[in-house]
Amino acid sequence: PKRRDFYDGQTPARMPAKVANPVLLADRESMFTSVDGVEICYKLTPKPSRDALTLVLLHGFSGNMTNFNNVWDDLAASNQIFAFDRPGWGLSGRVV
């Protein structure tokens, strides 16, 4: 998946006022995809081995992917990791 501009296809009248472009705020590993018209920020690490598990990390209310920073490297050493910012939180778009 390619990185896309958060505001693709939106007119200035529909853009949230004084909101920074999430793509510019994201780190190099973050990617964006559209799900039901909402931009979702996510990360997916490569599988370290053929038999590695895939772990889905889901943050709680008012959280975001940075909640997993302290355990990310340890988990990714032996597992594939998929994490995303839920709609309305972190760098994912808001549902209108």
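Residues numbered from 1 in each chain as written. Predicted model: local features only at pLDDT ≥ 70, side-chain atom pairs only at ≥ 80, totals over all residues. Heavy atoms only, no water.

Quick word on the overall build of the protein
The helix and strand tally for the protein stands at two helices and four strands. Its helices and strands taken in sequence order, the protein reads α-β-β-β-α-β from the N to the C terminus. Every one of the 96 residues in the protein was classed for burial, and the buried ones make up 32%. A separation threshold of at least 6 residues defines the contact pool for the protein, and within that pool the share at least 24 residues apart is 60%. Carbon and sulfur atoms provide 55% of the accessible area of the protein, an area that totals close to 6600 Å². (Helix = DSSP H or I, 4+ residues; strand = E, 2+ residues; numbered from the N terminus. Buried < 20%, exposed > 50% of the residue type's maximum accessible area, 1.4 Å probe, protein only. Contact = heavy atoms within 4.5 Å. Areas by Shrake-Rupley, 256 points an atom, 1.4 Å probe, with all protein chains shown as cover.)

Considerations on the side chain of Ser92
Checked against the element boundaries, Ser92 lands in the segment after strand 4 (79–84). When near neighbours in sequence (up to four residues on either side) are disregarded, Ser92 contacts Glu39, Ile40, Cys41, Asp85, Arg86 and Pro87.

Re the pairing of strand 2 (residues 38–44)
Of all seven residues making up strand 2, six are buried, and the element is well covered by its neighbours. Across five bridges, strand 1 (residues 31–35) lies against strand 2 in antiparallel orientation. Each residue of the ladder has a partner; that of Phe32, found in strand 2, is Cys41. The hairpin formed by strand 1 and strand 2 contains two residues between the paired strands, and Asp36 there has a positive phi angle of roughly 50 degrees. (Pairing = 2+ DSSP bridges.)

Quick word on the sheet that holds strand 1
Spatially, the four strands line up as an open sheet ordered 1-2-4-3, and their pairing is mixed. Only two strands of the sheet have a single partner each, and these edge strands are strand 1 and strand 3 (53–58). When strand polarity is set aside, the average angle formed by the axes of neighbouring strands in this sheet is 30 degrees. Both strand 2 and strand 4 contribute to a ladder of three bridges, which runs antiparallel. By the bridge assignment for strand 4, Tyr42 is matched with Phe84. Sitting on the sheet, helix 2 (residues 69–76) is in contact with strand 2, strand 3 and strand 4, with an inclination near 150 degrees to strand 4. (Axes fitted to C-alpha atoms, helices over the stretch in contact; angles between N-to-C directions.)

Quick notes on the environment of Ala26
Within the secondary structure layout, Ala26 lies in the loop between helix 1 (22–25) and strand 1. Each C-alpha atom of the pair Ala26 and Gly90 lies 9.7 Å from the other, and the pair is 64 residues apart in sequence.

A word on the confidence of the model for the protein
Taken as a whole, the protein shows an average pLDDT of 82; of its residues, 79% reach a score of 70 or greater. With pLDDT under 50 throughout, residues 1–13 is counted as low confidence; its partners more than four residues away or in other chains account for 26 contacts. (pLDDT = per-residue confidence, 0-100.)

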